[in-house]
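# A structural walkthrough
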Amino acid sequence: MLSKRALAFIALAATASTVACSNLGMTTGVDVGPNFPSKTLYATNTNQNAISIYSGGTNGNGPAFNIGGGNTSLDGPQFLAFDRRQNLWVTNYNQSTHNAVLVEFAALATGNVTPLGTTSVPGHPRGIAFTPKGPTPFPSSSAGPPPPIMVIADNISTSIYPSEILLFQAGASSPYQSIAGPHPNLNVPGGIALDRFGHIYVANINGATVSQFVLPTPSPTPKPTPTPKPTPTPKPTPTPTGSPSPSPTPSPTPTPVNVYPRFSITAKNEVITPTSVALDTSGNIYIVDQGHPKANCNSTSAAAILVFPPYNKKIPYTKPIRKIQGCHTLLNSPTDIKVNNDGLTYVADSTAGGSGVIYVFPAGAGAGSSHDVPPQRTYTSPGAVTGIGIIP
């Protein structure tokens, strides 16, 4: 059921072609930082309630800027994403209090800033993504192109089908649809990605799959009908003494879409414990997988980055076309992955000692038999890193 959840989610202010600022929170007291270049890296510090911002030339060093402090409303930040205005959106979940909140910051904000919007949300929200620029997934209407879509992967322990994907249109006060039920086979969804053609990619952490779903089309807004001319209002009939007043009819809420994935990449394709998924500009699918514990490499895990080509229903998936795995990769317990426009692969991870790091691997790494590729760059974090994002 979405009725209780719908009341908890945000209103996304919209224009015809961009996601605008939320109107839910205070819009004053926002500190705007330097004009960061494209490909600037952001990372959540989950145990320090902060967002680290890495500018160019900080290899091996800590962040150049931070978002953090009591004004930010950050509370166990998880994953993050940028909308088309480059505003920053962060899902939060506090393991101790089970408080979950979605926070929006203005583009380029730094320091102890007041967010543009905050709202409490149910469950344990993790991955978040927006439809990228490019061909829109839905046909245009006479009113203009359809607004962008925001998607959140969620896990709600009190629900019949606790794992679901929530879909929002810009300007909506609640999800227009969700994907949930036995057919999607969602099992603790983690990182999530959207392509420009209306496909959702989600990593099922406990399900050992990465699945693709077709974005459900929002129902069109009905055309208004002319208001009929008023007629004389009849005198009200007195209500008999003792009769109860009629109860208001509840507003309808969308029924979750119980659909099968368009395809899934599974254990037979070497997927073990996928935590997140990303796409490059060619549509290749990147999966970061924590794997199983292993005795070598100082007891680090057999974590890996698995790369698969775009889906082709005539050619079933077998093994990844590229793989980054081995002692020299330093991969330990990765949680998120992003690929920039140059093909560089960024991975949120932690060292064996528990320190947060982000590894950067070169474009095309892991081809052929050369899987044990060292990162070409490492960013250090003052806290545990869960999610990462790159300014488009």
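Owing to the predicted nature of the structure, the values given are computational and were not obtained by experimental measurement. (Residues numbered from 1 in each chain as written. Predicted model: local features only at pLDDT ≥ 70, side-chain atom pairs only at ≥ 80, totals over all residues. Heavy atoms only, no water.)

## A closer look at the side chain of Thr-91
Secondary-structure assignment places Thr-91 in strand 5 (residues 88-93). The class for Thr-91 is buried, based on a relative accessible area of 1%. (Helix = DSSP H or I, 4+ residues; strand = E, 2+ residues; numbered from the N terminus. Buried < 20%, exposed > 50% of the residue type's maximum accessible area, 1.4 Å probe, protein only.)

## Some points on the side chain of Gln-212
Within the element layout of this structure, Gln-212 appears in strand 14 (residues 209-214). In terms of polar contacts, Gln-212 uses its side chain to reach the side chain of Tyr-201, at 2.9 Å. What Gln-212 contacts, discounting residues up to four positions off in sequence, is His-199, Ile-200, Tyr-201, Pro-261, Arg-262 and Phe-263. (Polar contact = N/O pair within 3.5 Å; in protein donor to acceptor, adjacent residues only side chain to side chain. Contact = heavy atoms within 4.5 Å.)

## Concerning the layout of surface pockets
Rolled over the atoms, a probe as big as a water molecule pinpoints where empty space is left. Approximately 1200 Å³ is the volume attributed to the largest pocket. Where the lining of the largest pocket is concerned, the elements lending two or more residues are strand 4 (77-82), strand 8 (128-130), strand 12 (189-194), strand 13 (199-204), strand 16 (274-279), strand 20 (336-339) and strand 24 (385-390). For the lining of the largest pocket, the class distribution of residues is 23 nonpolar, 10 polar and 9 charged. (1 Å grid on protein atoms, 1.4 Å probe; cavity = no way out; pocket = protein on both sides within 12 Å on 5 of 7 lines; lining within 4 Å. Points joined across faces, edges and corners; volume = space filled by probe spheres on them. Nonpolar A, V, L, I, M, F, W, Y, C, P; charged D, E, K, R; others polar.)

## Points about empty space enclosed by the protein
Considering all chains together, one arrives at 1 cavity of 30 Å³ or more under this definition. Contributing to the lining of the largest cavity are Tyr-42, Ile-67, Phe-82, Gln-86, Leu-88, Phe-105, Ala-106, Ala-107, Leu-108 and Ala-109. Each residue belonging to the lining of the largest cavity can be placed in one class, and the counts come to 9 nonpolar, 1 polar and no charged.

## Some remarks on the nonpolar core
The biggest cluster of nonpolar side chains holds 17 residues, and the ones touching the most others in it are Tyr-42, Ile-51, Ile-67, Leu-80, Leu-88, Val-90 and Phe-105. Going through the elements one at a time, strand 2 (50-54), strand 4, strand 5 and strand 6 (100-105) are the ones with two or more residues in this core. Among the elements that take part in this core, strand 6 stands out by supplying 3 residues, more than any other. In contact with Ile-51, other than residues within four places in its own chain, are Tyr-42, Ala-43, Thr-44, Phe-65, Asn-66, Ile-67, Leu-74, Pro-77, Leu-80, Leu-88 and Val-90. Core analysis: the second largest hydrophobic core is formed by 16 residues, Tyr-286, Ala-303, Val-307 and Tyr-359 among them. (Core = buried A, V, L, I, M, F, W, Y, C linked by side-chain atoms within 4.5 Å.)

## Observations regarding the environment of Thr-119
When you line up the elements, Thr-119 lands in strand 7 (residues 117-120). By relative accessible area, Thr-119 is classed as buried at 13%. Along the backbone, Thr-119 and Val-101 are 18 residues apart, and their C-alpha atoms lie at a distance of 5.5 Å.

## Details of the sheet that holds strand 16
Pairing is antiparallel in the open sheet, where 4 strands are placed in the order 16-17-18-19. The sheet is open, and its two edges are formed by strand 16 and strand 19 (322-325), each paired on a single side. The sheet shows a mean angle of 15° between the axes of neighbouring strands, direction not considered. Sheet topology places strand 16 next to strand 17 (residues 285-289); 5 bridges connect them, and they run antiparallel. Looking at the pairing, Val-277 lines up with Ile-287 of strand 17. (Pairing = 2+ DSSP bridges. Axes fitted to C-alpha atoms, helices over the stretch in contact; angles between N-to-C directions.)

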